[in-house]
Structures are given as structure tokens and as C-alpha cells.
Amino acid sequence: MKTKWDQLFAERTRNIFGSQIRQYFALTEKPEVISFAGGFPGNEFFPTADIAAALSGLVQEDGQQALQYSSTEGSLELRSLLAEKMCRENAPCSPENIIITGGSQQGIDLLGRILINPDDPVLVEEPSYIGGTSAFRSHGGIPAGIAMDHNGPVPAAMEKTIKLLIAEGKHPKLFYTVANFQNPTGITTSYERRLRIMEIASRYNIIIIEDNPYGELCYEGEIPPSYKSLDLEDRVVYLGSFSKVLVPGIRIGWMAGPGPLVEKAILTKQSTDLCSSSLGQQLACRLIREGFVEIHTRKLIDLYRRKRDAMVKAMDRYFPPDIEFNRPRGGFFVWVKFPPSYPISRELLTLALQHNVAFVHGEGFSNSGDGGTRRARFSFSQPPLEHIEKGIKTLGKLFWEIGTDQTLKAT
Ligand code: PMP
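Because the structure is a prediction, the values reported are computed rather than measured.

What counts, and at which threshold
Residues numbered from 1 in each chain as written. Predicted model: local features only at pLDDT ≥ 70, side-chain atom pairs only at ≥ 80, totals over all residues. Heavy atoms only, no water. Core = buried A, V, L, I, M, F, W, Y, C linked by side-chain atoms within 4.5 Å. Buried < 20%, exposed > 50% of the residue type's maximum accessible area, 1.4 Å probe, protein only. Helix = DSSP H or I, 4+ residues; strand = E, 2+ residues; numbered from the N terminus. Domains from an automatic or database assignment. Contact = heavy atoms within 4.5 Å. Buried area = accessible area lost by both parts, 1.4 Å probe. Salt bridge = Lys/Arg side-chain N within 4 Å of Asp/Glu carboxyl O. Polar contact = N/O pair within 3.5 Å; in protein donor to acceptor, adjacent residues only side chain to side chain. Expected span 1.5 Å × (residues − 1). Arc of directions from axis to C-beta.

## So, the nonpolar core
Here is step 1 of the chain: Met311, Phe359, Phe378, Ile392, Leu395 and Phe399 are the most contacted members of the largest nonpolar core, which totals 67 residues.
Here is step 2 of the chain: No other element matches helix H11 (residues 292-318), which puts eight residues into this core.
Here is step 3 of the chain: Residues lining this core come from more than one domain, with at least three contributed by each of domain 1 (15-45 + 298-404) and domain 2 (49-290).
Here is step 4 of the chain: Each residue touching Phe359, except ones within four places of it in the same chain, is listed here: Phe36, Ala37, Ser345, Leu348, Leu349, Ala352, Ala376, Arg377, Phe378, Leu395 and Phe399.
Here is step 5 of the chain: By size, the runner-up hydrophobic cluster in this structure holds 28 residues, among which are Ala66, Leu78, Ile250 and Ala256.

What follows is the structure, encoded as C-alpha cells:
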């Protein structure tokens, strides 16, 4: 008898779906495609020689520790360095309140495991990071989107959603937010909004998960104080990562949170992977101690700013004026809005791929509202600088043709 897999999988796997971004990976990976789809860092910015030298030094000088398991919560030295960093950023925290995680993605997953019961609502931004909502769904959570404007999540929308959920007998416990240069919109939540959202969270006893992988990549101005730094009630869990300021391949991030949550997260992590990569942790320690991460981040800011400028300038020049887009002050993403006279963004993507250019249509990021059908995420981080204008120019030509060709226009 052939194995009947559908009889074998656990109930909870029903809520695990492939991300639409992965679906398009095979297409976008073709060398002739200019891809604005994946939100990966620019490979050409990886400091390979410095990492090779640091790794070689590590293994030679401290190999016995660097190649051994570490404690589940992670290296005390790395946690101490991160606690100092958080204190410098006015978010006081001690090494005991920090766990080293396999990227911030593992932090999201651990929080989902610890906090979500099947069918629990989870408040998220509308639109929101797919990796976050997928993780919550995989633990039985049901994302509820909170509308955003250019200042971040709208407090009135948040309160309305909470009240509606409570009226249905469901109390939301969590709000997941990427407050700096959000994935996918590039929006940064203003200081005033952060205060109002903290106040609502306090009133309804909601935990804030502050996921901040992009905050250091700020190309102009400054980011507002973190939720963690505004937290007087121990209700914010902060997730940080080395993926964007160093390399994602080391899979090192951290969670800084209230004691009871951290304790549960350590126990949960123990059965997940015992510990995060010791080599990755030691490497991060060494590169922070030597001041390398800080210097490299400053370089990255200049390099990514150039890519951001190239994308926004090209969109300005080549896109028809009825297509809207923002100019993010940091991070990796430009959020594009198509008017209703165009085909929906999923169909536009199919047409774009025929011209060897890729982006991500907005549907997967959406958990309410317009369903993202008129939206698309354009990531400028990965394509080489010289491909950005070329790709946007090709799309601009296509969009102008669609905009003027009534047979292609949506009815
Ligand atoms: N959160 C957000 C908002 C992200 O965009 C990403 C990466 N795309 C992650 C978390 C996961 O990053 P990490 O490599 O730190 O797991």
C-alpha cells in the first residue's frame, strides 16, 4: 500500500502553507531575471574576507568553545554585549533577559508556540511580514490586520478590531509589529503612534512583539524610540537580528523580553534546537567587540541608500503617474499601489515575468482590508545597483502599455 500522507500529518500542519514568495523563487532565480522579489540582503555587500579571517582566528584560538554546543539561552558574552547595546538605546535590559535565537524568525516562532492557542486572534499590521503571519498561523493563530497609514498602525482601527474581537469572545493577546521600515511597506511608525499603541496595549493587556531587523539601516533622519524603550509595564518583547547588518547565513538573532516569557522561551528552544550555532555566536561576539559590526553597518547604510535612490528615481522617471509608491527612509522595501484601472498585481507580476522582471504581489502580506490585490512589494536590496534602473525601466514601459491599452485594462 502506498503511504497515505494525508492520514499521517498532525492536525496543526493544516495551517502551514508555502509563502507565495517561495512559489516564485524558481522563476526569479533564473539568471536573466532582474528580481525585486526576495527581501534578501545584497550578496555583494557580504564582508567575506573579514568573516573568513575572523572564523579562522576563532577556530584556531578558541576552537574548543566555538565548535562546542552552547547553553540554550546563548553565550553570556554575546548576551552581555547585546544588553549593553539595548541599554545604550535606552531600552534597559540585562543578559538574563536575552536569548540568542536562530535569527529573529526563530524568536517569532518561539513566541507563537508559547503564547498562541488554536484560533487565538493575533493583531498584526495590515499588511504584515509573511514570515510572521505564517508562523502565527502554524500555531493556530488567526492574524487580524490593523490598517496603517503613513505614520504606522492607526490606533482607532486597532481599538475597533480589539473591541470586535472581544465582542466575539476572543481576547487578542498579541500585537506583532515591524515599526521601523516595515516589511513590506517601508513605513516607520511615528513616536506619537508608538505612545498611543502602547497605551491601547496597556488598556487591553496585550503583549507587543517588536520585530526590528531593519532599524539600523536608516538612510536619513532618525528612528523614533523603540517600543521596548517606552515600556514601563514589561509588555514588550524585542526581536533583533544580525541578518541585515552582517550576514543571514550565521542565523543569529536575539529576543529581549520580560523574565517569565524568556524562561518559557528557553525551555521551548531547548526542544527545538538545543542552542543556536556556537560558531555564529562567537563570530558575532568577535565582530562586535572589534567594532566591525558598527563600521560595516555604516558602510551598508551608504550602499543601500544608493540602491534605494536608484529605485525611487527610476520609478519617478519611468512609471506612469497613476502608479503610486513611497520613498522609505530605511530598510529594503518600496510599496507600490496600482490604480483600479490596471489588472490586479498578481496578473501584472505574470506579465512582468514575461519581461524577465520580478516583484512580489501584495496578496500574501494582507490579512484584511483590500486583500493587497492592488499592491506590490519592490525590494531594492538584492539586485546589483546597475540592474535596478534597467528593471524598473522595463516595467515602466510595460505599465505604460497596459495603461494605454484598453484591452489589457481591467474591466
Ligand atoms: N522579520 C522580518 C520583518 C523580516 O523581514 C525578516 C527577514 N526577511 C525576518 C524577521 C527574519 O530574519 P532573520 O534572518 O533574522 O530570521
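## Structural notes on the domain arrangement of the protein
Here is step 1 of the chain: Taken domain by domain, the protein consists of domain 1 (15-45 + 298-404) and domain 2 (49-290).
Here is step 2 of the chain: Its C-alpha centre places domain 1 at a distance of 26 Å from the equivalent point of domain 2.
Here is step 3 of the chain: Across the boundary between the two partners, domain 1 contributes 30 residues, which contact 30 residues of domain 2.
Here is step 4 of the chain: For the pair domain 1 and domain 2, the two sides together bury roughly 2500 Å², of which 56% comes from carbon and sulfur.
Here is step 5 of the chain: When the area that domain 1 buries against domain 2 is broken down by residue, the three leading residues are Arg329, Phe365 and Asn367, summing to 28%.
Here is step 6 of the chain: Between the two partners, domain 1 and domain 2, sit two salt bridges.
Here is step 7 of the chain: With a shortest N-O distance of 3.1 Å, Arg308 and Glu220 are connected by a salt bridge.
Here is step 8 of the chain: Linking domain 1 with domain 2 are 15 residue pairs in polar contact (both at pLDDT 80 or more), by the criterion used here.
Here is step 9 of the chain: Ranked by residues supplied to the side of domain 1 that touches domain 2, first place goes to H11 with five residues.

## Quick word on helix H6 (residues 155-167)
Here is step 1 of the chain: A rise of 1.5 Å per residue sets the reference length of H6, with its 13 residues, at 18 Å; its end C-alpha atoms lie 18 Å apart and thus fit the reference within 8%.
Here is step 2 of the chain: All of the buried residues along H6 are Pro155, Met158, Glu159, Thr161, Ile162 and Leu165. The buried residues of H6 all sit within an arc of 160° when viewed along its axis, so they share a single face. For H6, the exposed residues lying more than 90 degrees away from the buried face are Ala156, Lys160, Leu164 and Ala167.
Here is step 3 of the chain: At its buried positions, H6 is contacted by strand S3 (121-126), strand S4 (142-149), strand S5 (152-153), strand S6 (174-177) and helix H7 (191-203).
Here is step 4 of the chain: Of the residues trailing H6, Gly169 is marked for its positive phi of about 80°.

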